[in-house]
Amino acid sequence: MKTRDSAPACDPRTRNYRNLVPNCVLVAVLLGVLLVVLGAAPAGAQGEAPLPTLPNSAEISLKVERDGALSVVEAVSVPSEATMTRRIPLRTAAPHDRDRIIGIRDVVIEGAGNAELTDDEFVIRLKGGTSIVRYTVDGAVAEADGLARVGWQLAGGWDTRLELVRASFAAPAIPNAVTCYAGPEGSRAHCGAAQIAHSGLTRFSQQNLAAGQRMEISVELPGGTVPANARLEPSKTFAGAFVLTAPVGWAWGGFALALIVAAVALGLLRRRDKHPGDALPVELLTGKDDQAAFASPDGVLPGQVGMVLSGHTDAVDLAATVVDLAVRNYLWVSEEPGELTGWRLVRRNPPDEQLTTFERAVFEALLPDERESVLLSEIQSARIGIGTVRGELRDSVVERRWYSRLPGRLARVGPRICFYGLFLTVLLALTVGYAQLGLIVVAAGAVLAVAARWLPVRTGAGVALHRRLLGVRDVLLATKPSAVPKLEREVLLSRALPYALALGEQEQWVAGFARLKGPPKIYWYGKEGVEEDGLTRVSDFTAALVGTFAATRQGRRPEA
């Protein structure tokens, strides 16, 4: 018996295909509707929560969006004539004195109820019946150990017992692991069910949650699935005020960088001060013959030489200043007759505007109240020494900017800044936080106080003058009096003598000119009733003057 191959019902090769067209269209429509329904089912399962079947129960749908936001849909069944209220804190405690900050937005309630959103709390109030609450959570995704961890309380803060809570969780990737805890805050009791389906949808359920108890989930996703958006802030406690935050970290980094720069600068300054360099060439005379004039480097005075060179002052500086006043015709040095040689300083010209404050102080200390003369022995009895004018001498060096008052100021300011920093630390700790900024101020003050002890007081100009004074010493040692033109010898001998005394070279300086056949005249020195050259007595006078001010005969030699 022959059989005939049957053609498909909608095959146009059949003879009655025109009669079957409506059937084919109907089949196609049905298939399309079926596909739409089947395709929409997963989306509906993930985006909408099924309605609860029990009173005092909740069905929850969670979905992590690709931007890290957590979309939440809660369907809550409230018994008729009853109300339910849930309070969700937006600031919760986290480890290490930090708070986790949650953001809630796009709140929509379908049903009988309302919501209130403040900076610290999200409150949901529902009345009898079934209500659907939709909202979006920011800050639920954290990154740890290369994984994205989503954490949220499915239930918590309800003022009514919940008979059943069921939830589904969907994300762009299948979770690696899930954790669910239920019960009082802080308890580690696991939920009734928490499992990952083959489709990637994660389901949770828990029965009988007392009022106030929570149901909390934590879902681990592969790293990079969604961006982390967890926001942590220091807790509003005294300890939280000292938490290291990004602004505080940047502040510490800036302080550390400034500290390194300051340490390098301090090292360079100390090195420059300790090793100022070799002597610089100087010219002590300008002009020729009878037009010759003496010029000290940078106008430095003999009494300032010691402080510029060594940072210290002694009787040699005071003696050099007295000799310089005599050389410049403000004093006359008279050798007194007697068995023991004595010298008297006589007022020759009154102090004028040519004298500095320091020189005027020396003059007034020697001849106070318009006194006309004083013996060296009287000066010694009056205990006049460098301590009398040390303050004026230091001020004169600072005024010329060879020395700086900065180290002394920093030494005083440092402890004051520490005190201000402590006050700021306490103030910040009790108010807005970031108390470590106050600790940075304390550290800065301590660093200033310590660094001030190591900061050289001599400035760059002082270092340059130091080198020029070494050049003056070299000129004094290298000068051959016989090679100096006769008309320049008197000026050079007397005007350079105070500097030779300050530099410890006065004996050699005077002896060199004393060996000349016709030594220059000492116009500021004399002996009563005797017409003789005082050059041979100058060294004795300078030694006696230094001795009067309680110093050594040798004076001071600068450190190269």
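In case you missed it, the structure is sitting above this.
All residue numbers refer to position in the chain's written sequence, counted from 1. Reporting of local features is limited, given that this is a predicted model, to residues whose pLDDT is at least 70; pairs of side-chain atoms are given and counted only at 80 or more, and all residues count toward the totals for whole chains, interfaces and linings. The basis for every side-chain value is the complete set of heavy atoms in the structure, and neither hydrogens nor water enter the calculation.

I'd like a rundown of the environment of Leu 164, residues and numbers included.
Here a strand is any run of E in DSSP of at least two residues, a helix any run of H or I of at least four, and the numbering for each starts at the N terminus. For Leu 164, the location among the structural elements is in strand E10 (residues 162-170). When a residue's accessible area, from a 1.4 Å probe over protein chains only, is under 20% of the maximum for its type it is buried; when over 50% it is exposed; and in between it is partly exposed. Among the residues examined, Leu 164 registers a relative accessible area of 15% and is labelled buried. Placed 106 residues apart in sequence, Leu 164 and Ala 58 show a C-alpha to C-alpha distance of 6.5 Å. In this structure, Leu 164 is in contact with Leu 54, Asn 56, Ser 57, Ala 58, Gln 206 and Gln 207, ignoring residues within four places of it in sequence. Residue contacts follow a heavy-atom distance rule, with two residues in contact if any of their heavy atoms lie within 4.5 Å.

Any chance you could break down unusual backbone geometry for me, citing the residues and the numbers?
Look at Asn 208: it is not a glycine, yet its phi comes out positive at around 55°. Overall, the relative accessible area of 39% leaves Asn 208 in the partly exposed class. With a phi angle near 55°, Tyr 434 is a residue other than glycine that sits in the positive phi range. Turning to its location among the elements, Tyr 434 is positioned in the loop between helix H8 (406-430) and helix H9 (436-454).

Before we move on, could you go through the side chain of Thr 225 and cite the residues and values that matter?
Within the secondary structure, Thr 225 sits in the loop between strand E14 (214-221) and strand E15 (231-234). Polar contacts, as counted here, are pairs of nitrogen or oxygen atoms within 3.5 Å of one another; within protein the pair requires one atom able to donate a hydrogen and one able to accept it, and residues that are adjacent in sequence qualify only if both atoms are side-chain atoms. There is a polar contact of 2.5 Å between the side chain of Thr 225 and the backbone oxygen of Pro 222. Not counting the four nearest positions on each side in its chain, Thr 225 is found in contact with Pro 172 and Ala 173.

Describe the sheet that holds strand E19 (residues 342-347), naming the residues involved and giving the relevant values.
Read across the sheet, four strands follow the order E20-E19-E18-E21 without closing on themselves; strand pairing throughout is mixed. Edge positions in the open sheet fall to strand E20 (373-375) and strand E21 (525-527), since each of these has one partner strand only. Recorded for the sheet is a direction-independent mean angle of 25° between the axes of neighbouring strands. The pairing criterion is simple: DSSP has to find at least two bridges between the two strands. Across three bridges, strand E18 (residues 331-336) lies against E21 in parallel orientation. Pairing of Val 333 across the sheet is with Tyr 525, part of E21. In this analysis, axes come from line fits to C-alpha atoms, helices being fitted only over the stretch in contact, and the angle between any two N-to-C directions falls in the range 0 to 180 degrees. In the packing of helix H13 (residues 535-548) onto the sheet, contacts are made with E18, E19 and E21, and the angle to E19 comes to roughly 85°.

Would you mind going over H13 in detail, with residue names and values included?
The span you would expect from a helix comes to 1.5 Å times its residue count less one. Between the first and last C-alpha of H13 there are 20 Å, a value that for 14 residues agrees with the 20 Å anticipated at 1.5 Å per step. Among the 14 residues that make up H13, ten are buried, leaving the element largely enclosed by the rest of the structure.

A description of the pairing of E19 should follow, citing residues and the corresponding values.
Of the strand pairs in this sheet, E18 and E19 are connected by six bridges, and their pairing is antiparallel. What sits directly across from Val 333, in E19, is Leu 345.

Provide a residue-level description of the sheet that holds strand E3 (residues 91-94), including the pertinent values.
In spatial order, the strands read E3-E4-E15; together these three strands make up an open sheet with antiparallel pairing. A strand with exactly one partner marks an edge of an open sheet, and here the two such strands are E3 and E15. Recorded for the sheet is a direction-independent mean angle of 40° between the axes of neighbouring strands.

Explain the packing of helix H4 (residues 315-327) against helix H7 (residues 386-399) residue by residue, including any values.
Across the interface, H4 lies against H7 with an axial gap of 10 Å and an inter-helix angle of 80°. In terms of their interaxial angle, H4 and H7 are classed as roughly perpendicular. The segment H4 lies against H7, with Ala 315, Asp 317 and Leu 318 engaging Ile 386, Val 389 and Leu 393. Angles are sorted into four bins: roughly parallel if under 35 degrees, roughly antiparallel if over 145, roughly perpendicular if 65 to 115, and oblique for all others.

Report on the packing of aromatic side chains, specifying residues and quantitative values.
Two rings from Phe, Tyr or Trp (for Trp, the six-membered ring) form a pair when their centres are within 6.5 Å of each other. A pair whose planes differ by under 30 degrees is stacked, one over 60 is edge-to-face, and the rest are tilted. Under the defined criterion, the tally for this structure stands at ten aromatic pairs. Pairing Tyr 525 with Phe 541 gives two aromatic rings, centres 6.1 Å apart and planes at 65°, and the pair type is edge-to-face. Residue Tyr 525 is found in strand E21, and its partner Phe 541 is found in helix H13; the two are separated by 16 residues along the sequence. With respect to class, Tyr 525 is no different from Phe 541; both count as buried. Three or more aromatic residues link up through ring pairs in this structure, and these residues are Trp 343, Trp 524, Tyr 525 and Phe 541. Charges are assigned to positions over rings by a cutoff of 6 Å between ring centre and Lys NZ or Arg CZ, combined with an angular limit of 35 degrees from the ring normal. We note Arg 188 situated over the ring of Tyr 181; from NZ or CZ to the ring centre the distance is 4.2 Å.

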